[in-house]
Amino acid sequence: SVPVLKTALNELTSMSFSPEEGFILSRINGSSDIGSIVKISPLPELDSLVVFWKLANEGHIHFQGAN
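Every chain is numbered on its own, with residues counted from 1 as its sequence reads. Local features in a predicted model are, by the rule used here, given only for residues with pLDDT of at least 70; side-chain atom pairs are given and counted only at 80 or more, and totals for whole chains, interfaces and linings are based on all residues. For the side-chain quantities, the full set of heavy atoms in the structure was used; hydrogens and water were omitted.

**A look at the environment of Pro 19**
Line of reasoning, step 1. Numbering goes from the N terminus for both helices and strands, where a helix is a DSSP run of H or I of at least four residues and a strand is a run of E of at least two. Position of Pro 19 relative to the elements: it lies in helix α2 (residues 19-27).
Line of reasoning, step 2. Overall, the relative accessible area of 66% leaves Pro 19 in the exposed class.
Line of reasoning, step 3. Sequence separation between Pro 19 and Ala 8 is 11 residues; the distance between their C-alpha atoms is 19 Å. Each residue is placed in one exposure class: buried if its accessible area under a 1.4 Å probe, protein chains only, is under 20% of its type's maximum, exposed if it is over 50%, and partly exposed if it falls in between.

Next comes the structure, spelled out in structure tokens:
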């Protein structure tokens, strides 16, 4: 699945995120899939996936192609 921002970029910049969340958010471009972002993340795979889950759960991102 490809993560896509749901929250406008100008809104995101006024919010507070952990460094890990900020890293993942900065890599979401609407064309890179989760696996590609996880591979370049300095975080362990599970930690990266938890960040994706948290961002999706908070409504900041959604996944293209997800059912």
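The discussion continues.
**So, helix α4 (residues 45-57)**
Line of reasoning, step 1. Given the number of residues in a helix, its expected span is that number minus one, multiplied by 1.5 Å. For α4, spanning 13 residues, the distance from its first C-alpha to its last is 18 Å, which sits close to the expected 18 Å at 1.5 Å a residue.
Line of reasoning, step 2. Those residues of α4 that fall on the buried side of the exposure criterion are Ser 48, Val 51, Phe 52 and Leu 55. An end-on view of α4 places all buried positions within 100° of arc, on one side of the element. For α4, exposure combined with an orientation more than 90 degrees from the buried face picks out Leu 46, Trp 53 and Asn 57. Arc, as used here, means the arc of the directions from the helix axis to the C-beta atoms.

**Some words on the side chain of Glu 21**
Line of reasoning, step 1. When you line up the elements, Glu 21 lands in helix α2.
Line of reasoning, step 2. Classification of Glu 21 by relative accessible area gives buried; the value is 6%.
Line of reasoning, step 3. Setting aside chain neighbours within four positions, we find Glu 21 in contact with Val 51, Lys 54 and Leu 55. Note on definitions: a residue-residue contact is assigned when non-hydrogen atoms from the two residues lie within 4.5 Å.

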